[in-house]
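Given next are the chains, with one letter for each unit.
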Amino acid sequence: MTDAPVLQVEGLVKHFPIHGGLLQRQVGAVRAVDGVTFSIRRGETLGLVGESGCGKSTIGKVVLKLIEPTAGKIVLAGEDVTALKPGAMWTHRRRIQTIFQDPYSSMNPRLPSGTIVGEPLENFGIARGAARDDQVAQLFRRVGLRPEAMRKYAHEFSGGQRQRLGIAKALSVNPDVIVADEPVSALDVSVQAQVLNLLIDLQEEYGLAYLFISHDLAVMRHISHRIAVMYLGRIVELTDKRTLFTQPLHPYTEALLSAATAPDPKRRRQRKKIVQGDVPSPAKPPPGCHFHTRCLYATAECRVTDPPLLEVAPGHHVACLRRPVGGDPGPLSVP
Amino acid sequence: MNGNPGPILEVRDLHTQFSTLDGVVRAVDGVSFDVARGETLGIVGESGCGKSVTAMSILRLIPPETGRISSGSIKFEGEELTTLSEEEMKRLRGHRISMIFQEPMTSLNPVLTVGTQIAENVVRHLGVSWKAGRERAFEMLDLVRIADARRRLDEYPHQLSGGMRQRVMIAMALSCDPQVLIADEPTTALDVTIQAQILDLMIELKEKTGTAIVLITHDLGVVAETTERVVVMYAGRKVEQAPVEALFEEPLHPYTRGLMGAIPRLDVEADAAGTRPRLQEIPGLVPILTQPIIGCAFAPRCGFATDRCRSERPPLVDAGAGHLVACWEVDRVRRAA
Ligand SMILES: Nc1ncnc2c1ncn2[C@@H]1O[C@H](COP(=O)(O)OP(=O)(O)OP(=O)(O)O)[C@@H](O)[C@H]1O
Ligand SMILES: Nc1ncnc2c1ncn2[C@@H]1O[C@H](COP(=O)(O)OP(=O)(O)OP(=O)(O)O)[C@@H](O)[C@H]1O
Ligand code: SF4
Ligand code: SF4
Ligand SMILES: [Mg+2]
Ligand SMILES: [Mg+2]
């Protein structure tokens, strides 16, 4: 891992307008991403974890510039790409690729899989004809598919094999960063293990940086180096994975960890701190700390003051009013 | 009750098949198990192994156009279900045997309020007045800890969050005091914090009401935390069955062992930051259920397989203390621990 980040995101905001009334005027906004800052180095996996609707996929799409940010800055390999229009973005697209949860939906059912995987090679003018076929055959081998399978169509592959096709396609243009949005969520555990192992091997071989999106904490802990926990459009805690799992500081992280199930019957009933209630709507996030409606430790101040994300200990960022810089990392008291 | 009343549900050598363009799908291929009164039995296995079809067979909800229970027996309170008429089944379903599914919207009626739906179920099965049905609906919503239950009675399913809809489904399923509740992936679509709430609620209500639960899931963590006994399925067959502690302490079937090695774990001590141990892979793919399976269904993927495995189907044998396993090589597997 070298230290210069290949991807930097600063103060990223993405609001989706809500239209209503007879005239379909804008009556509000979904604050899908509400001021997010992080960076990823070469060869590193940053995990984005959080519950449904907290803004993970939106961050992925904005970073890929599939949608435009409302505010903030995106720096890719040292170059500010925030304001680039699609045409100018084109040359940068090679550097950042994506793997989806369901690769099938993005594959043309009428094209052979080899053509699908080789598409970016053609589009970016990297290789054509026989040279392209050679490269595609190599990619197939690298992700554990037989090159003869290049003639088959997407529907003839299993879920895990399709995910391998998606990985081969993303890999084809030699990117710096891969945004992987729930890449193993739809797979059975035995196949999930194959794909996770492959992603780790490829990362080590090519120095790829992954922005890895998942709601599964165990998968996250397995693949990530650092993890950002999100709640309602914001990062509430960001640190290396060991610290996150052994010394979580944000009450929401603590709640997530204690809600997770483990394949160990001896651990049952050890879950003490299950948070009650539902996640509020991102169209109407609570004032102050977004988590205060469910937080066991909330004080009056939490209902009015927005906690900033602070580096409370070296490399450990937390957004909680009760976790000041250099503060006691011990358990919080219930007020 | 005194004496030994026996299991509430007995499934014997169940075969359920579908006719498709590709041939006959042997979705459930000779499965047997009992459900004891008041117990929580887990059925676990990967996608397509026949968990839902087993549940649908018990409830007699297999679509008759393509599918049928081709042989076997299902007894509820000693009464054979496979030969009951649809009318008789209707009287059982939602009353003495009830169910909840992964996606509550598929079983809730979008145009009726949740209060009306629960009340209808109660009125139909228990023959009480509409007013008493409404009151029961209120009690049930309150029981599943829906805040402000009185007001929620008059809301429609789409006005509720996913977690609340699943609570409504549980309220409805328990509204007539069933003896068995079949829950097919009840928390799979939910966020972890909501999943934890729902699982806790199901266990708490089970202890309160004595309803036996058949919990179907692909998630070994959910099984470990909520069930007492577990059936592991592979390719339409039961390959292992054990009390939950024994299963996780010493899984005996190579497939179960493979599954446990394949999942990333949260509960083992974290490695030094940065290292990522390889996950155990199960090579290959699940068999295609339209083709006849000779011998052990897991043989093509199994590191222990011998010629016998490829030609003779392994019988379920008791490896001690109610731990059943269908594997010819269980002694070798054990030693390889
Ligand atoms: N195109 C859009 N228009 C309006 N709202 C949107 C749009 N895309 C996303 N949202 C909203 O933004 C919020 C964040 O959505 P996002 O898909 O980023 O969540 P997520 O964290 O990826 O969730 P999940 O785990 O369910 O995939 C949600 O409330 C979602 O409904
Ligand atoms: N109506 C049907 N027609 C044809 N085949 C079917 C039908 N329903 C189920 N099957 C097949 O029966 C097998 C078992 O399916 P089942 O739904 O029981 O799996 P499952 O274990 O519940 O999987 P999942 O975890 O994905 O829900 C599968 O191969 C499936 O394709
Ligand atoms: S700021 Fe207050 S409400 Fe928010 S997480 Fe910290 S203690 Fe809880
Ligand atoms: S019977 Fe043979 S093939 Fe089947 S699980 Fe046992 S050792 Fe493996
Ligand atoms: Mg998403
Ligand atoms: Mg199913």
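Described below are features of the structure shown in this document. Keep in mind that what you see is a predicted model, and the values were worked out from it rather than measured.

The rules behind each value
Positions within a chain are numbered from 1, following the residues in the order the chain's sequence is written. Each chain gets a letter, beginning with A, and each ligand a number, beginning with 1, in the order they are written. pLDDT decides what is reported in this predicted model: residues at 70 or higher carry local features, side-chain atom pairs at 80 or more are listed and counted, and totals for whole chains, interfaces and linings draw on all residues regardless. For the side-chain quantities, the full set of heavy atoms in the structure was used; hydrogens and water were omitted. Note on conventions: DSSP H or I runs of at least 4 residues are helices, E runs of at least 2 residues are strands, and numbering of each starts at the N terminus. Note on method: radius of gyration uses C-alpha positions; expected globular size equals 2.2 Å times residues raised to 0.38. The rule is simple: take the accessible area with a 1.4 Å probe, protein chains only, and divide by the maximum for that residue type; under 20% is buried, over 50% is exposed, in between is partly exposed. Using a 1.4 Å probe, the Shrake-Rupley method yields the accessible areas, and only the shown protein chains count as cover for residues. None of His or the chain ends enter the tally, which takes Lys and Arg as positive and Asp and Glu as negative. Just so you know, the charge point we use is NZ for Lys, CZ for Arg, CG for Asp and CD for Glu. We call two residues in contact whenever any of their non-hydrogen atoms come within 4.5 Å of each other. Buried area: the accessible area, evaluated with a 1.4 Å probe, that two parts lose upon being put together, summed over both parts. In what follows, salt bridge is the name for a side-chain nitrogen of Lys or Arg lying within 4 Å of a carboxyl oxygen of Asp or Glu. Within 3.5 Å is the distance limit for a polar contact, defined as a pair of N or O atoms, with the added protein rule that one can donate a hydrogen and the other accept it, and that residues adjacent in sequence qualify only through two side-chain atoms. Each residue gets one of three labels, nonpolar for Ala, Val, Leu, Ile, Met, Phe, Trp, Tyr, Cys and Pro, charged for Asp, Glu, Lys and Arg, and polar for the others, Gly among them. Only Phe, Tyr and Trp rings take part, Trp by its six-membered ring, and two of them pair if their centres are within 6.5 Å. Stacked means planes under 30 degrees apart, edge-to-face means over 60, and tilted covers everything else. Criterion for a charge above a ring: Lys NZ or Arg CZ within 6 Å of the ring centre, and within 35 degrees of the ring normal. What is meant by a nonpolar core is a set of buried Ala, Val, Leu, Ile, Met, Phe, Trp, Tyr and Cys residues, joined one to another through side-chain atoms within 4.5 Å. Working definition: residue near molecule or strand if any one of its non-hydrogen atoms lies within 4 Å of it. Any two strands between which DSSP finds at least two bridges are classified as paired. Here an angle of 0 to 180 degrees is reported between the N-to-C directions of two axes, which are lines fitted to C-alpha atoms, with helices fitted over the stretch in contact. Note on angle classes: values under 35 degrees are labelled roughly parallel, values over 145 roughly antiparallel, values of 65 to 115 roughly perpendicular, and the remainder oblique. The sense of a crossing depends on the near helix, which, turned anticlockwise from the far helix by less than a right angle, makes the crossing left-handed and, turned clockwise, makes it right-handed.

Take the overall build of chain A next. Assigned secondary structure in chain A consists of nine helices and twelve strands. The C-alpha radius of gyration computed for chain A amounts to 21 Å, which stays within 12% of the reference 20 Å derived for 335 residues, consistent with globular compactness. On the principal axes, the C-alpha backbone points of chain A span a range of 70 × 55 × 45 Å. Taken over 335 residues, chain A has a buried fraction of 53%. Put simply, chain A shows about 14,400 Å² of open surface, and 52% of that area lies on carbon and sulfur atoms. With 41 positive and 32 negative side-chain charges, chain A shows a spacing of 4 Å between the two charge centroids.

So, about the interface of chain B and chain A. On the chain A side, the residues contacting the 53 residues of chain B number 48 residues. Interface area for chain B against chain A, summed over the two sides, is near 4,400 Å², with a carbon-plus-sulfur share of 53%. Counting across the interface, chain B meets chain A through two salt bridges. Salt-bridge contacts for Lys 266 of chain A lead to Glu 249 of chain B; the nearest nitrogen and oxygen are separated by 3.6 Å. For the pair chain B and chain A, the number of links is 14 residue pairs in polar contact (both at pLDDT 80 or more). Elements with a contribution of two residues or more to the side of chain B that touches chain A: helix H7 (192-209), helix H8 (220-226), helix H9 (244-249) and helix H10 (254-262) of chain B. Residue contributions to the side of chain B that touches chain A peak at ten residues, all from H7 of chain B. Broken down by class, the residue content of the side of chain B that touches chain A amounts to 25 nonpolar, twelve polar and 16 charged.

The tally for this structure, following the rule as stated, stands at six aromatic pairs over all chains. On the numbers, 5.0 Å between centres and 80 degrees between planes, the contact of Tyr 231 of chain A with Phe 291 of chain A is edge-to-face. You can see Tyr 231 of chain A sitting in strand E9 (residues 226-231) and its partner Phe 291 of chain A sitting in the loop between helix H9 (251-259) and strand E11 (310-313), a full 60 residues away along the chain. Taking relative accessible area as the criterion, Phe 291 of chain A reaches 2% and is therefore assigned buried. Between Tyr 234 of chain B and Tyr 255 of chain B, the ring centres sit 4.5 Å apart and the planes meet at 50 degrees, which makes this aromatic pair tilted. Here Tyr 255 of chain B lies in helix H10 and Tyr 234 of chain B lies in strand E9 (residues 229-234), a separation of 21 residues in the sequence. Here Tyr 234 of chain B falls in the buried class, since its relative accessible area comes to 2%. Here a set of aromatic residues connected by ring pairs shows up, and it is made of Tyr 231, Tyr 252 and Phe 291 of chain A. Between Lys 152 of chain A and the ring centre of Phe 157 of chain A, over which it is positioned, the NZ or CZ distance is 5.2 Å. Here the basic side chain of Arg 221 of chain A rests over the ring of Phe 245 of chain A, its NZ or CZ set 5.6 Å away from the ring centre.

Moving on to the nonpolar core. Ranked by internal contacts, the top residues of the largest apolar core, which has 64 residues, are Phe 140, Ile 167, Leu 199, Phe 212, Leu 217 and Val 229 of chain A. In terms of residues, this core owes the most to one element, helix H6 (residues 189-206) of chain A, which gives eight residues. With residues up to four places along the chain from it excluded, the contact list for Val 229 of chain A reads Val 49, Arg 234, Ile 235, Val 236, Glu 237, Leu 244, Tyr 252, Thr 253 and Leu 256 of chain A. One finds Val 189 of chain A together with Ile 216, Val 231 and Ala 242 of chain B within the second-largest nonpolar core, a separate group that totals 62 residues.

In total, this model carries 36 salt bridges over all chains according to the counting rule given. Salt-bridge contacts for Arg 278 of chain B lead to Glu 281 of chain B; the nearest nitrogen and oxygen are separated by 3.9 Å. The structure contains a network of salt bridges with shared partners spanning Arg 31, Asp 34, Arg 234 and Asp 306 of chain A.

In the vicinity of ligand 3, the residues found are His 250, Pro 251, Cys 289, His 292, Cys 295, Tyr 297, Ala 298, Cys 302, Cys 320, Leu 321 and Arg 322 of chain A. Considered class by class, the residues forming the shell around ligand 3 number eight nonpolar, two polar and one charged.

Moving on to the sheet that holds strand E12 (residues 316-318) of chain A. Residue and element names in this part refer to chain A. Taken in spatial order, the eight strands line up as E6-E7-E8-E3-E9-E10-E12-E11 in an open sheet, and their pairing is mixed. Sheet topology places strand E6 (96-99) and E11 at the edges, where each strand pairs with a single neighbour. Recorded for the sheet is a direction-independent mean angle of 25 degrees between the axes of neighbouring strands. By the bridge criterion, three bridges tie E11 to E12 in an arrangement that is antiparallel. Across the sheet, the residue bridging to Ala 313 is His 316, located in E12.

Moving on, we get to the packing of helix H6 (residues 162-173) of chain B against H7 of chain B. Residue and element names in this part refer to chain B. The N-to-C vectors of H6 and H7 enclose an angle of 15 degrees; their axes lie 10 Å apart at closest approach. By the angle between their directions, the pair H6 and H7 is classed as roughly parallel. In this structure, H6 meets H7 at a crossing whose hand is right-handed. In this structure, H6 contributes Gly 163, Gln 166, Arg 167 and Ile 170 to the contact, and H7 contributes Ile 194, Gln 197, Ile 198, Leu 201, Met 202 and Leu 205.

All names here are of chain B. Here Gln 241 is to be found in strand E10 (residues 237-243). C-alpha of Gln 241 to C-alpha of Leu 316: the two residues are 75 residues apart in sequence and 9.2 Å apart in space. When residues no more than four places from it in sequence are discounted, the contact partners of Gln 241 are Ser 32, Phe 33, Arg 229, Val 230, Val 231, Gly 322, His 323 and Leu 324. Of the polar contacts made by the side chain of Gln 241, one reaches the side chain of Lys 238; its length is 2.4 Å.

Residues and elements named next belong to chain B. Although it is not a glycine, Glu 77 adopts a positive phi angle of roughly 50 degrees. In this structure, Glu 185 takes a positive phi of about 50 degrees despite not being glycine. Structurally, Glu 185 can be placed in the loop between strand E7 (180-184) and H7. Under the relative-accessibility criterion, Glu 185 is labelled buried at 10%.

Residues and elements named next belong to chain B. If you walk across this open sheet you meet the four strands as E2-E1-E4-E5, and the pairing is antiparallel. Edge strands, defined here as strands with exactly one partner in the open sheet, are strand E2 (23-35) and strand E5 (79-80). Together, strand E1 (9-20), E2 and strand E4 (67-76) form the strand contacts of helix H1 (residues 51-58), whose direction differs from that of E1 by roughly 110 degrees.

All names here are of chain B. Locating Arg 152 in the fold gives a position in helix H5 (residues 149-152). The exposure class assigned to Arg 152 is buried, which follows from its relative accessible area of 16%. Not counting residues up to four positions away in its chain, the partners in contact with Arg 152 are Val 114, Leu 141, Ile 146, Ala 147, Gln 159, Leu 160 and Met 164.

The next subject is the pairing of strand E7 (residues 177-181) of chain A. All names here are of chain A. Burial analysis of E7 places five of its five residues in the buried class, the great majority of the element. Neither face of E7 is exposed, since Val 177, Val 179 and Asp 181 on one face and Ile 178 and Ala 180 on the opposite face are all buried. The pairing of E7 with strand E8 (residues 209-214) spans five bridges and is classified as parallel. By the bridge assignment, Val 177 is partnered in E8 with Ala 209.

Relative to the assigned elements, His 15 of chain B resides in strand E1. Other than its neighbours up to four places away in sequence, His 15 of chain B contacts Val 28, Asp 29, Gly 30, Arg 68, Ile 69, Ser 70 and Ser 71 of chain B.

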